[in-house]
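Structural description and commentary
The residues making up each chain are set out below.
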Amino acid sequence: MIAVVSAVLVGVAVAVLASLGLFSPRGSLDSLMRSPINEDIAPREVTSEICPSLHCRSAWETSVGRFVEFELVGDAEYWHTVLGDDSRRNERMLVDFSGRDLTREEIRNAVDTLFLNRDWT
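Conventions used here
The residue count restarts for each chain, going from 1 along the sequence in the order it is written. Reporting of local features is limited, given that this is a predicted model, to residues whose pLDDT is at least 70; pairs of side-chain atoms are given and counted only at 80 or more, and all residues count toward the totals for whole chains, interfaces and linings. Only heavy atoms go into the side-chain values, all of them from the structure, while hydrogens and water stay out. Geometry of aromatic contacts follows a simple scheme: Phe, Tyr and Trp rings, the Trp one being its six-membered ring, pair when their centres are within 6.5 Å, and the pair is stacked under 30 degrees between planes, edge-to-face over 60, tilted otherwise. Partly exposed residues are those whose accessible area sits between 20% and 50% of the maximum for their type, while under 20% is buried and over 50% is exposed, using a 1.4 Å probe and protein chains only. A pair of strands counts as paired when DSSP detects no fewer than two bridges linking them. Put simply, DSSP marks the helices as runs of H or I at least four residues long and the strands as runs of E at least two long, and each gets a number from the N terminus on. In what follows, salt bridge is the name for a side-chain nitrogen of Lys or Arg lying within 4 Å of a carboxyl oxygen of Asp or Glu.

In this description, a pair of aromatic rings is defined by centroid distance and the angle of the planes. Summed over the entire model, instances satisfying the criterion amount to one aromatic pair. Both rings, one in Tyr-78 and one in Trp-79, keep their centres 5.2 Å apart while their planes meet at 80°; by these two values the pair is edge-to-face. Note on Tyr-78: relative accessible area 48%, which makes it partly exposed.

In structure tokens:
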């Protein structure tokens, strides 16, 4: 009985967090992009357009680059190698700057978003 109640409570908590944009069962990039803290980069989900060809979990177009989350670190590392200086990678997530003329401040904003939870000290 306690296990059933616990499972129900966890389900309710996940549903509430998902409705607030603080949790996504698909991945951490979705949660990051839906966070109010990133409204300034105008995130727009493009998963269905991008992921079939890249075999990724999630993709978001923003004013500072395309953010992509892969299932495997190796896939993110591969695409980072292919894109070279036009990308930055954090574990399974990558931001792609290809075809964009970004200012240093815009690139910094993208990197700060990609490494939002990183303590640089």
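Let's pick the thread back up.
Overall, antiparallel pairing links the five strands, which are arranged β1-β2-β3-β5-β4 in an open sheet. The strands lining the two open edges of the sheet, one partner per strand, are β1 (44-45) and β4 (87-90). Sheet analysis places strand β3 (residues 65-70) next to strand β5 (residues 93-96), joined by four bridges and oriented antiparallel. Note on β5: the bridge partner recorded for Val-68 is Leu-94.

A word on unusual backbone geometry. The backbone of Ala-42 sits at a positive phi, close to 50°, despite the residue not being glycine. By secondary structure assignment, the location of Ala-42 is in the loop between α2 (28-34) and β1. One non-glycine residue with positive phi stands out, namely Glu-91, at about 55°. Checked against the element boundaries, Glu-91 lands in the loop between β4 and β5. The exposure class of Glu-91 is exposed, given its relative accessible area of 52%.

Here the focus is the pairing of β3. With respect to burial, β3 is a largely interior element, five of its six residues being buried. Sheet analysis places strand β2 (residues 56-62) next to β3, joined by six bridges and oriented antiparallel. Across the sheet, residue Ser-58 finds its bridge partner in β3, namely Glu-69. In this structure, the hairpin formed by β2 and β3 is closed by a connection of two residues.

The subject of this paragraph is the pairing of β2. Summarising burial for β2: six of the seven residues are buried, a large majority. With two bridges connecting them, β1 and β2 associate as antiparallel partners. Bridged to Glu-45 within β2 is Trp-60.

Looking now at the pattern of salt bridges. Scanning the model with the defined rule gives seven salt bridges in all. Residue Arg-34 pairs with Glu-45 through a salt bridge whose shortest N-O separation is 3.4 Å. Residue Arg-34 is located in helix α2, and its partner Glu-45 is located in strand β1; the two are separated by 11 residues in the primary sequence. Overall, Glu-45 belongs to the partly exposed group, its relative accessible area being 31%. Across the pair Arg-108 and Asp-112 runs a salt bridge, and its minimum N-O distance is 3.8 Å. With a gap of four residues between them, Arg-108 and Asp-112 both fall in helix α5 (residues 104-114), about one helical turn apart. Of the residues examined, Arg-108 reaches a relative accessible area of 52% and is grouped as exposed. The network of salt bridges with common partners includes Arg-57, Glu-69, Glu-71 and Arg-92.

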